[in-house]
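# Tertiary structure, described
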Amino acid sequence: MSAVEYRAILRYRLMIPLFRVDEPCPVCRKACLDSFGEHAIHCKELPGFKYRHDWVRDVLCDVLKRAGISAKKEAPVNFLTDPLEGRSTLRPADILVFGWEGGKHACVDLTGVSPLVGLKDKGFVVGQAVLKAEASKVAKHEKACRENLHVFLPFAFDTFGGLAPDSVRLLNRVQKVVNSNSS
C-alpha cells in the first residue's frame, strides 16, 4: 500500500474529511464527492472498479463450467434494461446459466460495492452495503427476467470479500453439484 493510500484510509477510518463537500468527482464528473469520499471508493469510472467486476465474473463463470454447469459470459438476452433511465438500455447478462431452475435459464448479474458505504451515517451496519446492492439488483431486473421465463440471480459482493445471501446460495448450490458429480 502506498503512503497516499495509507493516509487516505487512515483519514477515512478516523472520520477526518477527505474532500470539500459538493466537490465534483474528478474522474466521472457526474457525482459530487461527499466529505468522507464514499463516492471516490466506488466510482464506476475508476479502472479498478470495472476490472474487479469482470474478474469476479470470469472466476465465477470458470467455477460454473468446471462444475459441469453450462454457462456463458456476457450473454445477450435482449430484455435486461434499467427502468430508471427511461430508454432502451438492452444489456447482456453477466453470466447466463442454462437450465438452472426447472429448465429455465438464469441471468446472473454481478455487483461489487464498498463495505464502507454509509460509514459516516449514524445507522451504519456492517454488511448492509452488500444487502442493499443485492436488493437494488433484484428490484431492477427480477421482473423482466420472470416475464421472459428466466430466473434472476443477483451476485452481490463487497470489496472486502463479503457476499450477499443470494450469492452464498448460488455458491452452495454449485458446491452440491460438484459433490454429486464427484461421488
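What you are looking at is a predicted structure, and each value in this text was computed from that prediction instead of being measured. Residue positions are given per chain, counted from 1 along the sequence in the order it is written. Where totals are concerned, whole chains, interfaces and linings use all residues; where local detail is concerned, this predicted model gives features only for residues with pLDDT of at least 70, and gives and counts side-chain atom pairs only at 80 or more. Note: side-chain values were computed over all heavy atoms of the structure, leaving out hydrogens and water.

### Structural notes on the nonpolar core
Throughout this description, the term nonpolar core refers to a set of buried Ala, Val, Leu, Ile, Met, Phe, Trp, Tyr and Cys residues connected via side-chain atoms within 4.5 Å. The buried label goes to any residue with under 20% of its type's maximum accessible area, the exposed label to any with over 50%, and the partly exposed label to all in between, with areas taken from a 1.4 Å probe on protein chains only. Membership of the largest hydrophobic core comes to 19 residues, with the highest contact counts inside it found for I95 and V97. Contacts: residue pairs with any heavy atoms within 4.5 Å of one another. Look past the residues within four positions of I95 in its chain and what remains in contact with it is R57, L60, C61, L64, A71, K72, K73, A106, C107, V108 and L110. Listed in part, the nine residues of the second largest apolar core include A75, V77, C107 and A144.

### Here's the deal with helix α5 (residues 165-182)
Numbered from the N terminus, helices here are DSSP runs of H or I no shorter than four residues, and strands are runs of E no shorter than two. Here the expected span of a helix is defined as 1.5 Å times the quantity of residues minus one. An ideal rise of 1.5 Å per residue puts 26 Å on 18 residues; α5 measures up with 26 Å between its terminal C-alpha atoms. Residues S167, L170 and V174 constitute the buried set of α5. All buried residues of α5 fall inside an arc of 65° around its axis, so they share one side. Turned more than 90 degrees away from the buried face of α5, the exposed residues are R169 and K176. It is the directions from the helix axis to the C-beta atoms whose arc is reported.

### With respect to unusual backbone geometry
Positive phi values are uncommon outside glycine, yet E74 reaches one of about 45°. With respect to the helices and strands, E74 occurs in strand β3 (residues 71-80). For E74, a relative accessible area of 34% translates into the label partly exposed. Although it is not a glycine, L149 adopts a positive phi angle of roughly 60°. With respect to the helices, strands and loops of the structure, L149 is situated in the loop between α4 (128-147) and β6 (151-158).

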